[in-house]
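Structure at a glance
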Amino acid sequence: MTNSRINFAKTAPKAFKALIGFDAAARAGLDPALVELVQIRASQLNRCAYCLHMHTSDARKAGESEERLHMVAVWHEAGRFFSEKERAALALTEAVTLVSEGGVPDDVYARALEEFGEAELAQLLALIFTINTWNRIAIATAKVPGTDERVTR
């Protein structure tokens, strides 16, 4: 089957470049392992197979264990696999990604603020915003999982 959807990067290059810049700015200063966990969880929630494949592959290349990757989807029940900081990030990722289902609860936000502090929390929020945008681009344009078409990111 031929993909009849647009290539967003080629069709909207200014918007695409701006998003790449936002993505790079968002992840600056964050732990790379945490970045991948957040991107994996948002991609799971958004059911974005393209991004999920990409970020689990990136996490493996960065040395993430298979065991932890398998536990991301059930992190609530798999507490011993994730630090308190990672758990706070995953909770915030879920709340922001699923914002239409109840907003971002005060306790989730407060826990993230406590673990990250204001500046790092702002970076984390920006990261969550960018992965949700990437998920929507990949889903809307029918990106095929396993075909990593990234330019330098």
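Residues numbered from 1 in each chain as written. Predicted model: local features only at pLDDT ≥ 70, side-chain atom pairs only at ≥ 80, totals over all residues. Heavy atoms only, no water.

**Description of the pattern of salt bridges**
- By the definition in use, this model includes 7 salt bridges.
- Here Arg68 and Glu64 are joined by a salt bridge, their closest N and O atoms 2.6 Å apart.
- Put simply, Lys85 and Glu120 hold a salt bridge, and the shortest N to O gap is 2.9 Å. You can see Lys85 sitting in helix α6 (residues 84-97) and its partner Glu120 sitting in helix α7 (residues 106-140), a full 35 residues away along the chain. (Salt bridge = Lys/Arg side-chain N within 4 Å of Asp/Glu carboxyl O. Helix = DSSP H or I, 4+ residues; strand = E, 2+ residues; numbered from the N terminus.)

**Focus: α7**
- Spanning 35 residues, α7 covers only 31 Å between terminal C-alpha atoms, well under the ideal 51 Å at 1.5 Å per step.
- At Gly117, α7 shows its strongest bend, of approximately 110°.
- A positive phi of about 55° marks Ala142, the residue just after α7. (Expected span 1.5 Å × (residues − 1). Bend = angle between axes of the 7 residues up to and from the residue.)

**Considering the state of the cysteines**
- Per the stated rule, a full pass over the model turns up 0 disulfides.
- The thiol of Cys48 is unpaired, and the distance to the nearest cysteine sulfur, on Cys51, comes to 3.4 Å.
- The buried category is assigned to Cys51, whose relative accessible area is 3%. (Disulfide = S-S within 2.5 Å. Buried < 20%, exposed > 50% of the residue type's maximum accessible area, 1.4 Å probe, protein only.)

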